[in-house]
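Below, each chain spelled out in residue letters.
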Amino acid sequence: MKQQEIEKAKEYKYGFTTDIESIRAPKGLNEDVVRFISNIKKEPEWMLKWRLKAFSRLKNLKEPDWQKPKFPKIDYQDLYYYSAPKSVTDTPKSLDEVDPKLIETYKKLGIPLQEQKKLSGIAVDAVFDSVSVATTFKGELTKKGIIFCPISEAIRNHPDLVKKYLGSVIPITDHYFATLNSAVFTDGSFVYIPEGVRCPMELSTYFRINASETGQFERTLIIADKGSYVSYLEGCTAPMRDENQLHAANVELVALDDAEIKYSTVQNWYPGDKDGKGGIYNFVTKRGACRGKNSKISWTQVETGSAITWKYPSCILQGDNSVGEFYSIAITNNHQKADTGTKMIHLGKNTKSKIISKGISAGFADNTYRGLVKITSKANNARNYTQCDSLLMGNECGAHTIPYIENKNSTANIEHEATTSKISDEQLFYCNQRGLNQEEAVSLIVNGFCKEVLQQLPMEFAVEAQKLVGISLEGSVG
Amino acid sequence: MNLKFEEFQKSNLGLKELDNIRIKSFKKFEIQGFPTKKQEHWKYTDLKNIITNNFQNLQIFNGSKNLVYNNKLIIKNFEHNKIILLNGSFIESSFIYEDEKKIIIKSLKSILENKNDFNKIKEYFDDDQNSMLSLNHALTNDGVVLDIENNYSFNKPLVVYNFFDKTAENKIINNKIFISLGDKSNLCMIDFYRCENNIKYFNNTIHNYTIKKNATLKKYNINDSLDNSYNYNSVKIKSYSNSVFENFLLSLGPNLIKNEIHCNLLENYSSCFINGIMLLDGSQHHELKTNVNHKYENCKSSQLIKSVLLDKSNGTYQGKIYVDKKAQKTNGYQLSKALILSENSAFNSKPELEIYADDVKCSHGSTTGNIDENSIFYLMSRGLTKDQANKMIVEGFLNEVIETITDPNVKILISSLFNERINKVNV
Amino acid sequence: MLDIKNLNASIEGKKILKNFNLNIKPGEVHAIMGPNGSGKSTLANVLSGRKGYEIEGTVYYEGKNLLEIPIEERAQKGIFLAFQYPIEIPGVNTNNFLKTSLNTIRKFRGLKELDSLDFLKLVKEKSKKLKIEEKILSRQLNVGFSGGEKKKNEILQMSILEPKLVILDETDSGLDIDALRIVSEGVNSLRDKNRSFLIITHYQRLLNYIKPDFVHVLVNGKIVKTGFSDLAQELEKDGYEGVSIAK
């Protein structure tokens, strides 16, 4: 490697590419590409119709432009919408059939796919560009009646569940990127937890963009039937490329009566280099419906990657007594931009929501919290508590808080607090005096600042996330 | 809606430059129309909708011959200076408590007729942030320009009376007010509104204030009278070093108010305080939108807004603190508290921070909810009826903001107007 | 161990320490007393490396130019400052902080880093010895601590980090008698022939519990008088003005 590349690799250790032969759809966005994807996934007719409906609606939609981070016009005709390693075009039946190169790739990312090297009690679905390459622990989960598989497989094997719930939380015409995803989504995970079952292990999906000029459009659907519980985690990485790559995922969660879904994200897509060149556009629609009474959906996100992050994991609190939570850390450094937050829509009685957001901005970055708390007139006794804190490091970055609070119910109670501050010189001096260097001190203080959110992550990932928080800010304090 | 601009334009021909501004601005307005909720800043006040629903035939107000106002509307038992505006036009002024040599007052009409004078204020006809401003530039033909010399402190408050009579019925009235305070000068000013016969009209007004070094402007918006008026009021302030701008808003009366305050803290140690209360019932719709722009170091701003919503009323607070990269050591604070006391009322708030400097202390808070049951229980256990208890709590809740008024005489005046209003309310 | 020669320190153009001289040998306990504004805290800050001061003169620590060493390295080399106002750092667990600190210092000294179990054992032992309740360590660093708890926490950190030179910056201020006793006992238990102390205080009462080898009186940025521990009592009786006039 040349010196420059070595330097770059230090900045982002997941920046390597895997040299693997792949099959792609023809470049561009048109009906044929939609048909191509549906066909290669061996989808039934109804699914193709669903996609085509989305595609026809897309023509009437425009990209939204209200967000803070502006980005150069995306040429949707200059992208590949499907790319898959040749070796997995026919989904491998077992791990033994998975291309060793792919197993090696995930190993380098720290995700063992061989079951003997169990990542302590976590089942993994690995998605590489447009396809799922392996799902671990399937056997054990099946015994409990849990379905955890690539969504393309679920479309073929569990059509009733998919038909009933796909698009039921994010309508296909919701907005431009959600509709685009509905037309051209390639793979992602499907989870169904049957009535009364507590999923015995963490379920996890690792997303990897490898191919160049390719957009990743994954779709995840999680259904927690009555009285069930599941904790799900997603992680994402991508190679370092000078071009910007588009990632427009849709994630839908449905929690029925007394069910709980905990969804955690550690997002570490390639953020671009120090000068803001390259990096992923992470335009993601995540929405959960607490459809049943006493149901609960909890989002936790640690957003450290991507050139632009633009997402609002939301909860529609339909069921009486349902609970929505949003815990977020968003770190932006160098030229990264993030516009993220949540929407809590209170429809049912006695619904509760809690929002804890920690934004950290360094370098030339811009970090925005944008959130909506909406209490409708039927949501008697609804409660919301919101705390948004921002930390600024340096004088070239920005931190913004834009909450929308709409209340139409006289029995509701909403509390919102926000602060903006910086790490004080006194705090740094105190840590220095106890032998910590500047970077250790910053990492310690920032981790303290983020503690409430880090606590929400499953153990194994909390440790990873803490390290990531430190690494993301390296070099930001002189 | 069919505003007969050409008719207005022909009867108001004057300076060529002004004529051009009018034509250009009206075109801008025609393209955009009245603001709708699709525009971010009008998200909670869909003006187009409100106008369509309440005015069958809104027309441009084009002056009237009547120069007589109703004397009985002047505030009694309160020593003050006066500026009288009738239907937006300047009628008269009196500064009997002041050294009149230190004060220059002119009608905007006279300024618009004089090329030199007009050139000095021309820049204020450029702002096209929204279509209501464009409409105002196109249709303004009167108002006030007030200059206060350096080192002059007013002895008594100045009340700017905004009277409206029958000739304004179903009209849209546009005017502008300019106030400039020289170095180390002080003014306490009350913006006071009254109309006759409960007529329905739309008042679209723009104020521009300049507060020079070490000067203090205290401004009180009194919108207390229950009337049928619709109001959009946009205020822009330029604050220079060490200056103070204090604004209190009593938002109780009219059908519709949207107050916008854009305060620019341009130099060291300038400060801005915006406090206010809303007490709404019926189908009143009030909004306060603030934009405090910290453009320089060491400036301070603070906002406290309390609202009480009854019946089918709708209240909104959109507050924004902007901190420029240069504005280190900024101290910015916002707090909005609202009580929603009826099933059909609504309150929206959007307290916003946009910050580009790192050494700042900025925070905001917002709460909306109902009266705490425990407090009511406590008062009732001491023998109050539920209604008394409610009223007492609402009064206390809002009084806390009135207590922040720094001018003692104005505080007494506002307290009494507030009490009058709260006694008409069914909490 | 520590040799300060002709030290001048000013902040924003204001001179605070003026030709200050002091020599501390291993095992010695020095007390510096002085009225408010005499430069006591500035001395502590300059020695521990706080930024913002313009400094002239020399400070040698174990034969090396201390002024060129970064703050954290001074700590790693054994300088411990007990803060007058310990800093609150929200969200940071005290235990975790202390473990990180101890291990960076151990690493620097070529010692094995302690794992969590050994660390907890050490903390238990030390806190028991110092009669400090262990539970303050599971709270956020100094957040919501009372004045006494903050100071006790500093002393516990000191005993765990085992520094060579301890600077106590008005550690006695705001303490009740019981806390004062705990703090003093902590200091006394650490006295040995290789460890030196620089005790900065306004009042004599701390010196009833910790007997210094030398007492210096600091007025207007200069040492105006040096004596043995009985000087402290004199000061208590006559006040600082008496001393400067006597000079």
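Draft legend 1. Fine view of the overall build of chain C. Counting its secondary structure elements, chain C contains eight helices and 10 strands. Taken over the C-alpha trace, chain C has a radius of gyration of 18 Å; the compact-globule value for 247 residues is 18 Å, and the two agree within 12%. Along the longest, intermediate and shortest principal axes, the C-alpha atoms of chain C span 55 × 40 × 35 Å. Within chain C, the fraction of its 247 residues that count as buried is 53%. Summarising the internal contacts of chain C: among those between residues at least 6 apart in sequence, 68% fall at separations of at least 24. In the form shown here, chain C has an accessible surface area of approximately 11300 Å², with 50% of it arising from carbon and sulfur atoms. Of the charged side chains in chain C, 38 are positive and 32 negative, and the gap between their average positions amounts to 2 Å.

Draft legend 2. Structural detail: the overall build of chain A. Summing up its helical and strand segments, chain A has 12 helices and 24 strands in all. Counting the 478 residues in chain A, one finds 65% classified as buried. Looking at chain A alone, contacts between residues at least 24 apart form 83% of all its contacts between residues at least 6 apart. A total of about 17100 Å² of accessible surface is found on chain A, and carbon and sulfur atoms cover 48% of it.

Draft legend 3. Main features of the arrangement of the chains. For this structure, the chain pair with the highest number of contacts among two pairs of chains in contact is chains A and B. With respect to C-alpha atoms, chain B approaches chain C no nearer than 16 Å, and the pair has no contact.

Draft legend 4. Here's a closer look at the sheet that holds strand 9 (residues 214-219) of chain C. All names here are of chain C. A sheet is described by the order of its strands in space; here six strands give the open sequence 6-7-8-3-9-10, paired in mixed fashion. At either end of the open sheet lies a strand with only one pairing partner, and these are strand 6 (79-82) and strand 10 (222-227). Averaged over all pairs of adjacent strands, the angle between their axes in this sheet comes to 20°, without regard to strand direction. With four bridges connecting them, strand 3 (residues 29-33) and strand 9 associate as parallel partners. Across the sheet, the residue bridging to Met33 is Val217, located in strand 9.

Draft legend 5. Just the interface of chain B and chain A, in detail. Contacts between the two partners involve 35 residues from chain B and, on the opposite side, 32 residues from chain A. For the pair chain B and chain A, the summed buried surface comes to about 2600 Å²; carbon and sulfur atoms form 45% of the total. Among the residues of chain B in contact with chain A, Tyr356, Asp358 and Thr368 of chain B are the three that bury the most area, contributing 21% of the side total. Put simply, Lys68 of chain A and Glu354 of chain B hold a salt bridge, and the shortest N to O gap is 3.3 Å. On the surface where chain B and chain A come into contact, there are 21 residue pairs in polar contact (both at pLDDT 80 or more). Considering each element in turn, the side of chain B that touches chain A owes the most residues, 10 residues, to strand 19 (residues 346-355) of chain B. Sheet topology note: the strand 23 (residues 398-407) of chain A/strand 19 of chain B ladder contains six bridges and is antiparallel. Residue pairing for strand 19 of chain B: Thr401 of chain A is matched across the bridge by Leu353 of chain B.

Draft legend 6. Broad picture of the pairing of strand 2 (residues 14-24) of chain C. Residues and elements named next belong to chain C. Across seven bridges, strand 1 (residues 2-11) lies against strand 2 in antiparallel orientation. Bridge pairing in strand 2 links Asp3 to Asn23. Once strand 1 ends, the chain turns through two residues before running back antiparallel as strand 2, passing Glu12 with a positive phi of about 45°.

Draft legend 7. Representation of the packing of helix 5 (residues 147-161) of chain C against helix 6 (residues 177-190) of chain C. Residue and element names in this part refer to chain C. Look at helix 5 against helix 6: their axes get within 10 Å of each other, and the N-to-C directions meet at 10°. Taken as axis vectors, helix 5 and helix 6 run roughly parallel relative to one another. The way helix 5 lies across helix 6 gives a crossing that is left-handed. Listed contacts from helix 6 to Lys151, Lys152, Ile155, Met158 and Ser159 of helix 5 are Ala179, Ile182, Val183, Gly186, Val187 and Leu190. Looking at the contact of helix 5 with helix 6 residue by residue, the class counts come to seven nonpolar, two polar and two charged.

Draft legend 8. Geometry of unusual backbone geometry. Of note, the phi angle at Asn87 of chain B is positive, near 50°, even though the residue is not glycine. Its place among the elements puts Asn87 of chain B in the loop between strand 2 (81-86) and strand 3 (89-94).

Draft legend 9. Structural detail: the interface of chain C and chain A. Between chain C and chain A, the contact holds 30 residues from the first and 18 residues from the second. Where chain C abuts chain A, roughly 2000 Å² becomes buried across the two surfaces, and 65% of that area is made up of carbon and sulfur atoms. Arg50 of chain C is paired through a salt bridge with Glu426 of chain A; the nearest N and O atoms lie 3.6 Å apart. Taken together, chain C and chain A are joined by 11 residue pairs in polar contact (both at pLDDT 80 or more). Among the secondary structure elements, those contributing two or more residues to the side of chain C that touches chain A are helix 1 (40-48), helix 2 (71-76), strand 6, helix 3 (94-108) and helix 5 of chain C. Here the element with the most residues in the side of chain C that touches chain A is helix 3 of chain C; it accounts for five residues.

Draft legend 10. Structural detail: the packing of helix 7 (residues 373-381) of chain B against helix 8 (residues 386-402) of chain B. Residues and elements named next belong to chain B. Contact pair helix 7 / helix 8: the axes reach a minimum separation of 9 Å and the direction vectors enclose 125°. Here helix 8 runs oblique to helix 7, going by the angle between their axes. Relative to helix 8, helix 7 is oriented so that their crossing is right-handed. Here helix 7 contributes Ser375, Ile376, Leu379 and Met380 to the contact with helix 8, which in turn contributes Lys386, Ala389, Asn390, Met392 and Ile393. Considered class by class, the residues forming the contact of helix 7 with helix 8 number six nonpolar, two polar and one charged.

Draft legend 11. Here's a closer look at the confidence of the model for chain C. Across chain C, the average pLDDT comes to 87, with 98% of residues at 70 or higher. In the predicted assembly, ipTM is 0.88 and pTM is 0.86.

Draft legend 12. Local environment of a positive patch on the surface. Taken together, Lys343, Lys374 and Lys408 of chain A together with Lys37, Lys38 and Lys43 of chain B make up a surface patch of like positive charges. Following the sequence through the fold, Lys38 of chain B ends up in the loop between helix 2 (16-32) and helix 3 (47-54). On the basis of relative accessibility, which here comes to 80%, the residue Lys38 of chain B falls in the exposed class.

Draft legend 13. Structural detail: the sheet that holds strand 4 (residues 54-61) of chain C. All names here are of chain C. Read across the sheet, four strands follow the order 2-1-4-5 without closing on themselves; strand pairing throughout is antiparallel. Of all the strands in the sheet, the pair left with one neighbour each is strand 2 and strand 5 (64-65). Sheet topology places strand 1 next to strand 4; seven bridges connect them, and they run antiparallel. Directly across from Ser10, in strand 4, lies its bridge partner Glu54. Sitting on the sheet, helix 1 touches strand 1, strand 2 and strand 4, and the angle it makes with strand 1 is about 110°.

Draft legend 14. Structural view of the state of the cysteines. Across all of its chains, the model carries zero disulfides over all chains by this definition. The cysteine Cys431 of chain A is free of any disulfide, with Cys450 of chain A supplying the nearest cysteine sulfur at 15 Å.

Draft legend 15. Representation of the environment of Lys15 of chain C in the model. Residue and element names in this part refer to chain C. Relative to the helices and strands, Lys15 is located in strand 2. Here the alpha-carbon distance between Lys15 and Glu54, two residues 39 residues apart in the chain, equals 9.0 Å. Those residues in contact with Lys15, other than ones at most four positions away along the chain, are Asn8, Ala9 and Ser10.

Draft legend 16. View of the nonpolar core. By size, the foremost hydrophobic cluster in this structure holds 61 residues, and its most contacted members are Ile360 and Val446 of chain A together with Leu2, Ile4, Phe20, Leu43 and Leu47 of chain C. Residue contributions to this core peak at six residues, all from helix 10 (residues 438-449) of chain A. When neighbours within four sequence positions are excluded, Leu2 of chain C is seen to be in contact with Leu22, Asn23, Ile24, Leu47, Val59, Tyr60, Tyr61, Leu66 and Leu165 of chain C. If you look at the next biggest cluster of nonpolar residues, it comprises 52 residues, including Ile37, Leu166, Ile172 and Phe217 of chain A.

Draft legend 17. Seen up close, helix 5 of chain C. Residues and elements named next belong to chain C. The terminal C-alpha atoms of helix 5, which comprises 15 residues, lie 21 Å apart, in line with the 21 Å expected from a rise of 1.5 Å per residue. What helix 5 keeps buried is the set Gly148, Lys150, Lys151, Asn153, Glu154, Ile155, Leu156, Gln157, Met158, Ser159, Ile160 and Leu161. After helix 5 finishes, the residue Glu162 shows a positive phi value of roughly 45°.

Draft legend 18. Seen up close, the pattern of salt bridges. Under the criterion given, the structure shown has 51 salt bridges over all chains. For Lys41 of chain A, the salt bridge identified is with Asp187 of chain A, shortest N-O distance 3.4 Å. You can see Lys41 of chain A sitting in the loop between helix 2 (31-40) and helix 3 (45-58) and its partner Asp187 of chain A sitting in the loop between helix 8 (176-184) and strand 6 (189-193), a full 146 residues away along the chain. Taken as a pair, Lys41 of chain A and Asp187 of chain A share a single burial class, namely buried. The closest approach of N and O atoms between Lys124 of chain C and Glu134 of chain C, which form a salt bridge, is 3.8 Å.

The rules behind each value
- Residues numbered from 1 in each chain as written.
- Chains lettered and ligands numbered in written order.
- Predicted model: local features only at pLDDT ≥ 70, side-chain atom pairs only at ≥ 80, totals over all residues.
- Heavy atoms only, no water.
- Helix = DSSP H or I, 4+ residues; strand = E, 2+ residues; numbered from the N terminus.
- Rg over C-alpha atoms; globule rule 2.2 N^0.38 Å.
- Buried < 20%, exposed > 50% of the residue type's maximum accessible area, 1.4 Å probe, protein only.
- Contact = heavy atoms within 4.5 Å.
- Areas by Shrake-Rupley, 256 points an atom, 1.4 Å probe, with all protein chains shown as cover.
- Lys, Arg positive; Asp, Glu negative; His and termini not counted.
- Charge placed at Lys NZ, Arg CZ, Asp CG, Glu CD.
- Pairing = 2+ DSSP bridges.
- Axes fitted to C-alpha atoms, helices over the stretch in contact; angles between N-to-C directions.
- Buried area = accessible area lost by both parts, 1.4 Å probe.
- Salt bridge = Lys/Arg side-chain N within 4 Å of Asp/Glu carboxyl O.
- Polar contact = N/O pair within 3.5 Å; in protein donor to acceptor, adjacent residues only side chain to side chain.
- Parallel < 35°, antiparallel > 145°, perpendicular 65-115°, else oblique.
- Left-handed = near helix turned anticlockwise from the far one by under 90°.
- Nonpolar A, V, L, I, M, F, W, Y, C, P; charged D, E, K, R; others polar.
- pLDDT = per-residue confidence, 0-100.
- Patch = residues over 30% accessible without salt bridge, like charges linked within 9 Å, V, L, I, M, F, W, Y side chains within 5 Å.
- Disulfide = S-S within 2.5 Å.
- Core = buried A, V, L, I, M, F, W, Y, C linked by side-chain atoms within 4.5 Å.
- Expected span 1.5 Å × (residues − 1).

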